[in-house]
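So you can see what is in the structure, the chains are spelled out below.
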Amino acid sequence: MTDVTELTVGVFGGTGPQGRGLALRWARAGIDVVLGSRSAERGEAAAAEVRALAGDVRCRGLDNRDAAAAADVVLVAVPWEGHAALLESLRDELVGKIVIDCVNPLGFDKQGPFALPVAEGSAAQQAEKLLPESRVTAAFHHVSAVHLADLSIAEMATDVLVLGDDREATDVVRALADAIPGMRGIYGGRLRNAHQVEALTANLIAINRRYKAHAGVRITDL
Ligand SMILES: NC(=O)c1ccc[n+]([C@@H]2O[C@H](COP(=O)([O-])OP(=O)(O)OC[C@H]3O[C@@H](n4cnc5c(N)ncnc54)[C@H](OP(=O)(O)O)[C@@H]3O)[C@@H](O)[C@H]2O)c1
């Protein structure tokens, strides 16, 4: 398995709860993290918050473009509405890099959350189409940002489905999940199967609303 403490992980949308939460946990695991933002100042402010919470860790903030250039692996943690434009604008910086997409294309109406149709099949497949020279994977769709931010939760106690067509890339992403205490990265199939993984988040949000929880997934018999 890759020694993930040798990697630099960039996080697009690192100022939001999902990106910052994963960055906080990775930084505590000894990984070098760069929080990306549309504004370098906001990125650095979020990184300062992570450092204040996590202590002596490697975490800095840059704009998304500089974060992409600095990173070996990037996590895409921006809203679905900004997904295509951001990735298209960073195609050159992401050549040859592992891209982890955790974006859930969801809509909300009176009946609650629902999966939006995506022309390419899924957010991850849209990323693959926009970044033909990157190593696109999909993971971390079902991890609660609330739990990530709550450091009184020492063990995340959840599985992470990791999808992709590049075996070595999915192994690296599984190792990044395994680096967070209580989290287990599990290969979850090819990228063409990402739609239902993204869509399952609508079910989890419905569960959370009914049971006042922050539900995740567990794969049995492994
Ligand atoms: N929240 C969760 O529990 C959770 C769990 C699993 C997966 N996810 C997925 O993770 C992604 C991020 O979730 P979140 O709750 O952290 O989202 P968020 O707070 O709405 O957005 C994250 C960051 O993205 C940047 N952003 C906003 N609009 C953008 C645009 N149009 N283009 C580029 N960047 C933009 C903003 O940072 P700057 O203004 O600093 O650029 C913002 O702080 C979503 O796609 C979501 O489906 C979330």
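Quick summary incoming for the structure in this document. Since the model is a prediction, treat every value here as computed from it, not as a measurement. (Residues numbered from 1 in each chain as written. Predicted model: local features only at pLDDT ≥ 70, side-chain atom pairs only at ≥ 80, totals over all residues.)

1. Quick word on the nonpolar core
1) Next: Among the nonpolar cores identified, the biggest contains 62 residues, and V11, V76, I100 and A139 are the most heavily contacted of them.
2) Next: Contact partners of I100, with chain neighbours within four places excluded, come to V73, V74, L75, V76, T137, A139, F140 and V173. (Core = buried A, V, L, I, M, F, W, Y, C linked by C-beta atoms within 7 Å. Buried ≥ 20, exposed ≤ 12 C-beta atoms within 10 Å, placed from the backbone. Contact = placed C-beta atoms within 7 Å.)

2. Overview of the site of the ligand
1) Next: Around the ligand, the structure places 24 residues, and the nearest of them are G13, G16, S37, G82 and A145.
2) Next: When residues of the shell around the ligand are traced back to their parent elements, those giving at least two are helix 1 (17-28) and helix 4 (80-89).
3) Next: Taken together, the residues that form the shell around the ligand break down as ten nonpolar, eleven polar and three charged. (Near = placed C-beta within 6 Å. Helix = DSSP H or I, 4+ residues; strand = E, 2+ residues; numbered from the N terminus. Nonpolar A, V, L, I, M, F, W, Y, C, P; charged D, E, K, R; others polar.)

3. Thoughts on the packing of helix 4 against helix 5 (residues 123-130)
1) Next: Running from N to C, helix 4 and helix 5 point in directions that differ by 15°, and their axes come no closer than 9 Å. Compared by their axis directions, helix 4 and helix 5 come out roughly parallel. Helix 4 and helix 5 meet at a crossing whose hand is right-handed. Counted together, W80, H83, A84, L87 and E88 of helix 4 and A123, Q126, A127 and L130 of helix 5 form the full contact between these two elements.
2) Next: Classifying every residue of the contact of helix 4 with helix 5 gives six nonpolar, two polar and one charged. (Axes fitted to C-alpha atoms, helices over the stretch in contact; angles between N-to-C directions. Parallel < 35°, antiparallel > 145°, perpendicular 65-115°, else oblique. Left-handed = near helix turned anticlockwise from the far one by under 90°.)

4. Concerning unusual backbone geometry
Generally, phi is negative for residues other than glycine and the peptide bonds are trans, each holding for most cases.
1) Next: The phi torsion at F140 lies on the positive side, around 70°, for a residue other than glycine.
2) Next: For F140, the position within the fold is in the loop between strand 8 (135-138) and helix 6 (145-149).
3) Next: Of note in the backbone geometry, K212 takes a positive phi value of approximately 50° without being a glycine.
4) Next: Following the sequence through the fold, K212 ends up in the segment after helix 8 (194-211).
5) Next: Since 7 C-beta atoms lie within 10 Å of it, K212 is described here as exposed.

5. So, helix 5
1) Next: A large share of helix 5 lies buried, amounting to seven of its eight residues.
2) Next: Of all the positions in helix 5, only A123, A124, Q125, Q126, A127, E128 and L130 are classed as buried.
3) Next: Those residues of helix 5 that are buried lie in contact with strand 4 (73-76), helix 4, strand 5 (98-101), strand 8, strand 9 (158-164) and helix 8.

6. Things to note about the packing of helix 1 against helix 2 (residues 40-54)
1) Next: Close contact between helix 1 and helix 2 brings their axes to 10 Å; oriented N to C, the two are set at 45°. One finds that helix 1 runs oblique with respect to helix 2. Considering how the two elements wind past one another, helix 1 and helix 2 form a crossing that is right-handed. Contact with helix 1, carried on its side by R20, A23, L24, A27 and R28, involves A46, V50, L53 and A54 of helix 2 and no other residues of that element.

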